[in-house]
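Residues per chain, in single letters:
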Amino acid sequence: EHRGIFRIFQEGDTRTKKPEVRGFATDHYGKGPIYEIGPLGIAFLGNDQIVVGDGSHPDTEEVILVYKVDDAAPERPAQADSAEHTLGPLGSSDDLKAEGNYYGVVVTDNAIFATANGDDTKGWIVRAKLDNGVPGMLERFIATKEALEVDAPVALTTNSDGKLVVGQMGEINLPGDSLLAVFDPDSGELIDSWETGLNDITGLAYSPVSGKLYATDFSWLDTTQGGLFELTVSGDKVETRKVRELDKPTAIAFDSKGAAYVTILGTAPEDSKRKPGRVVVIGRRALEKME
């Protein structure tokens, strides 16, 4: 089965989902359970391009793709092999393992950044510099595992100062080991990091209305503990508030009005042939009031 990219359009109170790009292959991720994955992270480059971190292929073949998009949904979705720019794959050697599963994607004025899940000894954030909006060569940039001594950068966003904010997932078989970290996007230097007590951070985003930071926790060991959390940094500690319990949440994004869109893998009923994944929308008021 092939995977695609969809956009959600809203007119008044009506939301419609339209296919934008189709034809992605699938790969497998995890260590019991194992999940089928395709395109992962996504971000806009300007107003007319989307950057897609792919997870459809073996690590040696993984790339980041840039597609042209219009304001309106296309009459026919583009095909996965029609990208305007293909970044990667990164070469590998005995010292540098292959990188893939580009999970979190962020675009700044100067570069495209993505978290990579390949070399567990390094935990790379990769980068492609922008020259007048045109991406250059993909390169390994920040070895987060070396800086933090905790594995697996997954979630990625930027704060109001333009710094990279990273959710370091940690080991999926260890509870409470996820970190929140901040890196300089120019030098790659670690600025600060905090323990969160969360199990497996997969998504990070700031509300454009309240400025508050929210995280999704997949919680591999016990998915009943997963959900959407508000994170508040206070000195050398991070306080967490569980906003809503969610079944295997994977990412979060906000619209301009402060509503949160959270993707979840979910669990299919035993007698159902339908895929369980969906997008949960949590309005701004509900986001603030839920406990």
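Scroll up for the structure.
From a predicted model like this one, the values you see are computed outputs, not experimental measurements.

Asker: Which residues make up the overall build of the protein chain, and what values do they have?
Answerer: The secondary structure content of the protein chain amounts to two helices and 24 strands. Its C-alpha atoms give the protein chain a radius of gyration of 18 Å, within 12% of the compact-globule value 19 Å for 291 residues. Projected onto its principal axes, the C-alpha positions of the protein chain cover 50 × 45 × 40 Å. Residue burial in the protein chain is summarised as follows: out of 291 residues, 46% are buried. Accessible area of the protein chain: about 14900 Å², with a carbon and sulfur share of 46%.

Asker: Please give an account of the layout of surface pockets that cites residues and values.
Answerer: By volume, the second largest pocket is sized at about 440 Å³. Lining of the second largest pocket is provided by 21 residues; of these, Tyr29, Lys31, Asp120, Asp151 and Ile172 occupy positions nearest its centre.

Asker: Which residues make up the sheet that holds strand S2 (residues 14–24), and what are the values?
Answerer: Taken in spatial order, the three strands line up as S1-S2-S8 in an open sheet, and their pairing is mixed. Of all strands in the sheet, those bounded by a partner on one side alone are strand S1 (3–11) and strand S8 (78–79). Across nine bridges, the pairing between S1 and S2 is antiparallel. Bridge pairing links Phe9 to Thr16 in S2.

Asker: Any details on the environment of Glu171? Residues and values, ideally.
Answerer: Inspection of the secondary structure puts Glu171 in the loop between strand S15 (164–168) and strand S16 (179–183). In this structure the C-alpha to C-alpha distance between Glu171 and Asp200, which are 29 residues apart in sequence, comes to 7.8 Å.

Asker: Describe the environment of Met169, with residues and values.
Answerer: Inspection of the secondary structure assignment puts Met169 in the loop between S15 and S16. Residue Met169 is classed as buried on the basis of its relative accessible area of 4%. When the C-alpha atoms of Met169 and Pro153 are compared, they prove to be 6.0 Å apart, with 16 residues separating the residues in sequence. Setting aside chain neighbours within four positions, we find Met169 in contact with Asp151, Ala152, Val154, Asp177, Ser178, Asn199, Asp200, Ile201, Thr202 and Trp220.

Asker: Summarise the side chain of Glu99; cite the residues concerned and give the values.
Answerer: Turning to its location among the elements, Glu99 is positioned in the loop between strand S9 (85–87) and strand S10 (105–107). For the buried Glu99, which has no salt bridge, the nearest side chain bearing the opposite charge is Arg140, at an N-O separation of 4.3 Å. Engagement of the side chain of Glu99 in a polar contact is seen with the backbone nitrogen of Gly118, the distance being 3.4 Å. A polar contact is formed between the side chain of Glu99 and the backbone nitrogen of Asp119, at a distance of 3.3 Å.

Conventions and cut-offs
Residues numbered from 1 in each chain as written. Predicted model: local features only at pLDDT ≥ 70, side-chain atom pairs only at ≥ 80, totals over all residues. Heavy atoms only, no water. Helix = DSSP H or I, 4+ residues; strand = E, 2+ residues; numbered from the N terminus. Rg over C-alpha atoms; globule rule 2.2 N^0.38 Å. Buried < 20%, exposed > 50% of the residue type's maximum accessible area, 1.4 Å probe, protein only. Areas by Shrake-Rupley, 256 points an atom, 1.4 Å probe, with all protein chains shown as cover. 1 Å grid on protein atoms, 1.4 Å probe; cavity = no way out; pocket = protein on both sides within 12 Å on 5 of 7 lines; lining within 4 Å. Points joined across faces, edges and corners; volume = space filled by probe spheres on them. Pairing = 2+ DSSP bridges. Contact = heavy atoms within 4.5 Å. Lys, Arg positive; Asp, Glu negative; His and termini not counted. Salt bridge = Lys/Arg side-chain N within 4 Å of Asp/Glu carboxyl O. Polar contact = N/O pair within 3.5 Å; in protein donor to acceptor, adjacent residues only side chain to side chain.

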